[in-house]
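# Notes for the structure review
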Amino acid sequence: MPPLLGVALWFWARSLSIVITAETRGLGESERCMDWGVDNINKVQAYDGEPTRVKCPLFSTYIKSNYTAAHASGLTLVWYKTSPNQDLEEPIDLNQAENRVSKERDLLWFWPVTRKDSGNYTCMLRNTTYCIKVAVPLHVIQKDKDHCYSQKEHILLQDFGIGETSNLTCPGTTEFYQSTVQPIITWYKNCLKLVSDSIEPRPIGLLLLFPVIKERHEANYTCVVSITNRGVSFTLTRTIAVSITTSQGHPKPPNLMRPKIGERFEVEYDQEVNLTCQAYFYYIRGSSTAVWWTIDGWDAKDLAPRVTIQESEELWPLKNKVVESVLTINALTPSDLQKNYTCFARNSQGIKSRQVILARKAPNYMIELGCALGFTLLIVVTSIVVYHCWWIEIILLYRLYFGTDETVGDGKEYDVYVSYARNAEEEEFVLTTLRTVLENDYGYKVCVYDRDSLPGGIITDETLACIWKSRRLLVILSSNYLVNGTQSLLELKAGMENMINTGQIKVILVEFEPVRKMGHVKELKRLKTVSTTIKWRGVKSQDLSSRFWKRLRVALPVKRRADPSDSSLETSMCDFV
């Protein structure tokens, strides 16, 4: 059977089937055309003022025949246009005065296309009993202002592997001129003109040569082809977006970045656990990528909602990428530690996997130890600060409740012997202030030579006797003490010898007024280094709660009074608080 006759019989059988189906369904004569709707896959974009063509996709996609066979069997190809925002299909007027639109076989040509040509172009193949049609969109756009192409254009994408040698071809232009014609072609990189003597990339006619692909070659490349048709000059503009990728010469399998080999995760019961898997994928043209988790061989996604998966993707240079998958286990149980957690990564070059080991976290006593040490340090620092600020009060409080009475069984008669310069000012201080407070408020027995010595005795013997009977020697320092102090210096030397030789008396220095030439008396110079010096500050020291009286009481012997509720004890407690 001749081929044309076979095609004719096939169309006749198909049309008969359509007619029978239409009659069975009760369809009208006008509804018997098979309509494939709008074919957006083969839609056409063109710049205003440039030539373009619309190809009928029926013969390449919808029927098993070509234009020649269909035409020989009596079928006619008719073109219709549906303008934007309209439903009416109108026949295309091919008899225009300019002869701008023409039909050739299964092609519809525009020399050139204009913005009013935008719309859906329906190609219908039919005879008296058979009809099939499909519409192709034509979108006419304009170039961006001061730009060589439009951002609205459906730009072709091209991947180049870094380090490789490759080239670009100006696409979809050779059909607009004969093979014997040499058109003028201009290449642009990001709308900057490339000259023919450029080293890289190098324009040669329809080709743009890249001797060695580098990262800086990533850009939008536009070719403009200048042609002549029927004595009229036209241009064709095509744009290709070039992206630089990893070299495709030796594709690699994925690289698992996390988890590390043999990595252990210490976890706690009833806590949320997050396991992270990171895979690095080298770009492989046409390859798919995937990252997933399995638990004891089961897909972790099937164990929701107790187990959840969160996946993210980060793009790296050269179109490489890192895919991260985080597996979350809610409220970890002891049985979860016995399971096998495995992360997988796959591309066209292979599969990589790595297992995660879960172990229960050992008890950590560092926090408790740190808290204990911190608390201890706080107590020590606080104690030091308290002692530094209130050490006198602390000593007095301790002596009040726990101190041992020094006056019991030592054979002494006096608690303190007062040595001072015999002048009116110091006598008034000793007899009126010092003696009164020590005897009446604190209960000490004070020996004042001028008051307590026996009349008619030798001064030296009486002085030494009184000092030996005393537990403390209280020296009232002043300028007069050093100048007019024959009696006082005797008392000072006797107290020094007793303290050094027997240790049965202690010397207390009270600075009644500043003394500048204290170094001239060697006994005083030595005492300043080993004895307590308490300064009298006049009015500030008169109050019993002042620091002078507290320091003096600390230096005096511990002595318990007969009545523990004595006012002096109560006063000392109030002073401390």
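Chains are numbered independently. Their residues run from 1 in the order of the written sequence. Totals for whole chains, interfaces and linings use all residues, but because this is a predicted model, local features are given only for residues with pLDDT of at least 70 and pairs of side-chain atoms are given and counted only at 80 or more. Here the side-chain values reflect all heavy atoms present in the structure, with hydrogen atoms and water set aside.

### Quick notes on the nonpolar core
Core analysis: the largest hydrophobic core is formed by 26 residues, its most contacted members being Trp79 and Leu125. Elements are defined by DSSP. Helices are runs of H or I of four residues or more, strands are runs of E of two residues or more, and each kind is numbered from the N terminus. Mapped onto this core, the elements with two or more residues apiece are strand 2 (44-47), helix 2 (58-62), helix 3 (67-72), strand 4 (76-82), strand 7 (107-110), strand 8 (119-126) and strand 9 (131-141). The element contributing the most residues to this core is strand 9, with five residues. Residue contacts are defined here by distance: any two heavy atoms, one from each residue, within 4.5 Å place the two residues in contact. In this view, tryptophan 79 contacts Val54, Lys55, Cys56, Pro91, Ile92, Lys103, Asp106, Leu107, Leu108, Tyr121, Thr122 and Cys123; residues no more than four positions away in its chain are not counted. Here, the term nonpolar core denotes a set of buried Ala, Val, Leu, Ile, Met, Phe, Trp, Tyr and Cys residues that are joined through side-chain atoms within 4.5 Å. Only protein chains enter the calculation, and the probe is 1.4 Å; a residue is then buried if its accessible area is under 20% of its type maximum, exposed if over 50%, and partly exposed in between. Counting residues in hydrophobic clusters, the runner-up holds 25 residues, among them Leu107, Leu168, Ile213 and Leu236.

### Examining the sheet that holds strand 17 (residues 232-245)
In this scheme, strands are said to pair when DSSP sees at least two bridges between them. Taken together, the five strands give an open sheet; going across it, the order is 10-17-16-12-13, and neighbouring strands pair in mixed fashion. Two strands bound the open sheet, and with one partner strand each, they are strand 10 (156-161) and strand 13 (192-193). Pairing geometry for strand 10 and strand 17, over six bridges, is parallel. In the strand pairing of strand 17, leucine 156 is matched with isoleucine 240.

### Quick look at the sheet that holds strand 27 (residues 414-419)
The strand order across the open sheet built from five strands is 28-27-29-30-31, with neighbouring strands paired in parallel fashion. Edge positions in the open sheet fall to strand 28 (446-448) and strand 31 (532-535), since each of these has one partner strand only. Taking the axes of each pair of neighbouring strands and ignoring which way they run, one obtains an average angle of 25 degrees across the sheet. Summarising the sheet, strand 29 (residues 470-477) and strand 30 (residues 506-511) pair through six bridges and their orientation is parallel. Bridge assignment links leucine 477 to a residue of strand 30, and that residue is glutamate 511. A fitted line through C-alpha atoms serves as each axis, taken over the contacting stretch for helices, and the angle formed by two N-to-C directions is quoted from 0 to 180°. Contacting strand 29, strand 30 and strand 31, helix 10 (residues 522-530) crosses the sheet at an angle of about 100 degrees to strand 30.

### Overview of the layout of surface pockets
Here a cavity denotes grid points, spaced 1 Å and computed from the protein atoms alone, that fit a 1.4 Å probe unable to get out, and a pocket denotes an open set having protein on both sides within 12 Å along at least 5 of 7 lines; residues with an atom within 4 Å of a point are the lining. Grid points are joined across faces, edges and corners, and a volume is the space filled by probe spheres set on the points. Reported here for the largest pocket is a volume of approximately 760 Å³. Along the wall of the largest pocket there are 28 residues; nearest its centre are Lys43, Val44, Gln45, Gly172 and Arg238. Counting only elements with at least two residues in the lining of the largest pocket, the list comes to strand 2, strand 3 (52-55) and strand 17. In this classification, the charged set is Asp, Glu, Lys and Arg, the nonpolar set is Ala, Val, Leu, Ile, Met, Phe, Trp, Tyr, Cys and Pro, and all remaining amino acids, among them Gly, are polar. Of the residues assigned to the lining of the largest pocket, the class counts are 12 nonpolar, nine polar and seven charged.

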